[in-house]
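Residue-level structural notes
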Amino acid sequence: MIHPSAKIGKNVVLGQSVVIEENAEIGDDAEIGHHVIIKKDTKIGNRVKVGDLSVLGKTTSKNKKMARKPGAALTPLVIEDDVRIGCNTVLYRNLLLKQGAFVGDLSSIREKVTVGEDSIIGRNVIVETNTVIGSRVTVQTGCYVTADMIIEDDVFLGPCVSTSNDKYMGEGNYPYQGPIIKKGAKVGNNATLLPGITIGEKAIIGAGATVTKDVEAGKTAVGNPARVIK
Amino acid sequence: MIHPSAKIGKNVVLGQSVVIEENAEIGDDAEIGHHVIIKKDTKIGNRVKVGDLSVLGKTTSKNKKMARKPGAALTPLVIEDDVRIGCNTVLYRNLLLKQGAFVGDLSSIREKVTVGEDSIIGRNVIVETNTVIGSRVTVQTGCYVTADMIIEDDVFLGPCVSTSNDKYMGEGNYPYQGPIIKKGAKVGNNATLLPGITIGEKAIIGAGATVTKDVEAGKTAVGNPARVIK
Amino acid sequence: MIHPSAKIGKNVVLGQSVVIEENAEIGDDAEIGHHVIIKKDTKIGNRVKVGDLSVLGKTTSKNKKMARKPGAALTPLVIEDDVRIGCNTVLYRNLLLKQGAFVGDLSSIREKVTVGEDSIIGRNVIVETNTVIGSRVTVQTGCYVTADMIIEDDVFLGPCVSTSNDKYMGEGNYPYQGPIIKKGAKVGNNATLLPGITIGEKAIIGAGATVTKDVEAGKTAVGNPARVIK
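The name an unreviewed UniProt entry assigns to chain A is UDP-3-O-(3-hydroxymyristoyl) glucosamine N-acyltransferase, from the organism Metabacillus indicus.

Right, dumping it as structure tokens:
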């Protein structure tokens, strides 16, 4: 089903049973997989490839227990040129995927997020709202990127890195703040990062570490709790 | 494809290519996304919203290596009023989602499970069979809730909490028992909980902790292995 | 949509809106769920069951930041007799699932991988490229199996085990090597395994452990960093 208000570029390949809702736009030479759902207003650039069974441009949903208030009307999902998106992904409105970014299968990214140029969001990665991811960042498979987090350029997150933004776990008395990961830092697989900590430029966090306080630029920290070793 | 035996309420919005199998029921004012599959006998309440590409009412599958015997005929999946379900979820038969519960994108919940009123099951959460989740519980993104586990009311599980129920890992000589998490307890992100332990009422488990034995009510435990700090 | 070159066996059950591309083959008595996508050349054996909304035979995708060079033309996805595949899975080309293997919902397995006879790949498991998984292996829910890894016969990985293969995290100066897990070893839930380590035959790794070096056959190691305790 293609809504008559949708705009489809030249040489676009559309799979079977694709749904394209009102005011969606698809650039030239794009390839859209089977059973993909492109929700209203979504903007897709040139040469973008979207895997099968993905949802593009979801609106935020909530139940009455959730803390965050619904924001102003959300801007559309914008996918710039040459982006690659996997299968079975769920991407929200008010999300910007910059040129050449990659999003793996079974991943989901919420609203108020930017993913920088050529960055890689691996498979099975979940990114929460209100987070900025720089350029040439690698977020490997299975990472959890919390809300209110900052990941600067050239950061490397190994597989299954876990982050959080709520120091008092649901008490509602803490200004949410995710970790801040400075330019070029590297974090090993399955590391645990606590709310509000800063990982300095080019710092290295060992696999399996639990980081409870700031780590200075260029330092290496390992263990639980993580301690600087050099 | 809507089976002629299915019952659809008033003012129901159905997406494109929805499959509704025999004896399924959908309440008034429900919204069902595109490409959703509602399997036979599933009962969906009033004002329920279901995201795109979800499977509701799956029957258990197994191969010959799996330990658990197939049970008696499974009751249907029952989704009470005002429940919200994300995109790309997989929900099994013999599952009860109570009024106002929320299930995030890319999550899956197996059979013989109850999720209490207004509880939140985040995105990318997997819940195994034979587990009870109370009311107003928060299970954040990426948690793994094992089988044979009890989560009481008002518990908070931070992101990526991992649990297990099989002390001897596949030897088959141990009565499976997941963790028991008492009312109001809070567990930090990426914590590891061993089989059969009890986390007491309002106890707090630090992020990244590995909990190998019981933690008393009101206590805080951190580290690997977790030790009480106050 | 079924391509005219596809071959469908006897007594095959096909769900709604199934897409079957060119040269795909489906054996006798197979059951294919709704909205499944069977990509070109995929070979499916007899009595195989495939859950709804799965993608079978995906071709590798990449962006310009990714390290691995595109290989030679990939062989097809081959699924042997009696395999069970869940819902919302993403399985790549050049993957062999041997007789009786099980793949859970929301899992994904990449190219150049073999899964042995009767092995279980749980729900929400991601397996990277160039990895060998033996027979009768259990990979429980939420595990991350990195690239260039060897898992021998009868290994048991508990839930959420995390592995890695890149010692220097993206520097590009290290021959990628994932962990080697010898026959009959068991790894507890949410353990972290570093690149290139060997877990010996029938060794046991505790839940939440971070394994930074080899563990000898028959030994048990726990903690962060993991130390042998008996």
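On we go.
Considerations on the sheet that holds strand 19 (residues 131–133) of chain B
Residues and elements named next belong to chain B. Spatially, 1-4-7-10-13-16-19-22-25-28 is the arrangement adopted by the ten strands of the open sheet, whose pairing is parallel. A single partner strand is all that each edge strand has here, and the edge strands are strand 1 (7–8) and strand 28 (198–199). The sheet contact formed by strand 4 (residues 25–26) and strand 7 (residues 43–44) spans two bridges and is parallel. In the strand pairing of strand 7, Ile-26 is matched with Ile-44.

Considerations on the sheet that holds strand 2 (residues 13–14) of chain B
Neighbouring strands of a sheet are bound in pairs by backbone hydrogen bonds; such pairs are parallel or else antiparallel. All names here are of chain B. Overall, mixed pairing links the twelve strands, which are arranged 2-5-8-11-14-17-20-23-26-29-31-32 in an open sheet. For this open sheet the edge positions go to strand 2 and strand 32 (227–228), each flanked by a neighbour on one side alone. For strand 17 (residues 120–121) and strand 20 (residues 138–139), the ladder comprises two bridges, and the chain directions are parallel. What sits directly across from Ile-120, in strand 20, is Thr-138.

Thoughts on the interface of chain C and chain A
Counting residues at the interface gives 46 residues for chain C and 38 residues for chain A. For the pair chain C and chain A, the summed buried area comes to about 3,000 Å², and 57% of that belongs to carbon and sulfur atoms. When the area that chain C buries against chain A is broken down by residue, the three leading residues are Asn-63, Lys-65 and Met-169 of chain C, summing to 22%. Between chain C and chain A we count four salt bridges in total. In this structure, the salt-bridge partner of Lys-58 of chain C is Asp-105 of chain A, at a minimum N-O distance of 2.5 Å. On the surface where chain C and chain A come into contact, there are 18 residue pairs in polar contact (both at pLDDT 80 or more). Of all elements in the fold, only strand 9 (55–58), strand 12 (90–92), strand 15 (108–109), strand 18 (126–127), strand 24 (162–163) and strand 27 (192–193) of chain C reach the threshold of two or more residues within the side of chain C that touches chain A. Here the residues of the side of chain C that touches chain A sort into 18 nonpolar, 18 polar and ten charged.

Considerations on the pairing of strand 9 (residues 55–58) of chain A
Residue and element names in this part refer to chain A. Sheet topology places strand 6 (residues 37–38) next to strand 9; two bridges connect them, and they run parallel. Along strand 9, the bridge assignment pairs Ile-37 with Val-55. Pairing of strand 9 with strand 12 (residues 90–92) involves three bridges; the strand directions are parallel. Of the residues in strand 12, the one forming a bridge with Leu-56 is Leu-91.

Notes on the state of the cysteines
All names here are of chain B. Counted according to the given criterion, the structure contains zero disulfides over all chains. As a non-bridged cysteine, Cys-143 has Cys-160 as the owner of its nearest cysteine sulfur, 6.9 Å distant. Looking at Cys-143, the relative accessible area reads 2%, which means it is buried. The buried category is assigned to Cys-160, whose relative accessible area is 13%.

Remarks on the relation of the copies chain B and chain A
For the pair chain B and chain A, the relating rotation is 120 degrees, the translation along its axis is 0.0 Å, and the fit reaches an RMSD of 0.0 Å. In symmetry terms, the pair is related by a three-fold rotation axis.

A word on the environment of Glu-128 of chain B
Relative to the helices and strands, Glu-128 of chain B is located in the loop between strand 18 (126–127) and strand 19. Judged by relative accessible area, Glu-128 of chain B falls into the buried class, the value being 8%. Residues Glu-128 of chain B and Lys-112 of chain B lie 16 residues apart in sequence; the distance between their C-alpha atoms is 8.8 Å. Beyond its immediate stretch of four places on either side in the chain, Glu-128 of chain B contacts Arg-110, Val-113, Tyr-144, Val-145, Thr-146 and Ala-147 of chain B together with Arg-123 and Thr-141 of chain C. Of note is the side chain of Glu-128 of chain B, whose polar atom sits 2.7 Å from the side chain of Thr-141 of chain C.

What about the interface of chain B and chain A?
Counting residues at the interface gives 38 residues for chain B, matched by 46 residues for chain A. Carbon and sulfur atoms make up 57% of the area that chain B and chain A hide from each other, which totals about 3,000 Å². Scanning the region where chain B abuts chain A turns up 18 residue pairs in polar contact (both at pLDDT 80 or more). Elements that contribute at least two residues to the side of chain B that touches chain A include exactly strand 26 (186–187) and strand 29 (204–205) of chain B. Of the residues in the side of chain B that touches chain A, the class split is 15 nonpolar, 16 polar and seven charged.

Describing the packing of aromatic side chains
Overall, the coordinates contain zero aromatic pairs over all chains when judged by the stated rule. Sitting over the face of the ring of Tyr-92 of chain B, Arg-110 of chain B holds its NZ or CZ atom 6.0 Å from the ring centroid.

What counts and what doesn't
- Residues numbered from 1 in each chain as written.
- Chains lettered and ligands numbered in written order.
- Predicted model: local features only at pLDDT ≥ 70, side-chain atom pairs only at ≥ 80, totals over all residues.
- Heavy atoms only, no water.
- Pairing = 2+ DSSP bridges.
- Helix = DSSP H or I, 4+ residues; strand = E, 2+ residues; numbered from the N terminus.
- Contact = heavy atoms within 4.5 Å.
- Buried area = accessible area lost by both parts, 1.4 Å probe.
- Salt bridge = Lys/Arg side-chain N within 4 Å of Asp/Glu carboxyl O.
- Polar contact = N/O pair within 3.5 Å; in protein donor to acceptor, adjacent residues only side chain to side chain.
- Nonpolar A, V, L, I, M, F, W, Y, C, P; charged D, E, K, R; others polar.
- Disulfide = S-S within 2.5 Å.
- Buried < 20%, exposed > 50% of the residue type's maximum accessible area, 1.4 Å probe, protein only.
- Least-squares fit on C-alpha atoms with pLDDT ≥ 70 in both.
- Phe/Tyr/Trp six-rings, centres within 6.5 Å; stacked < 30°, edge-to-face > 60°.
- Lys NZ or Arg CZ within 6 Å of the ring centre and 35° of its normal.

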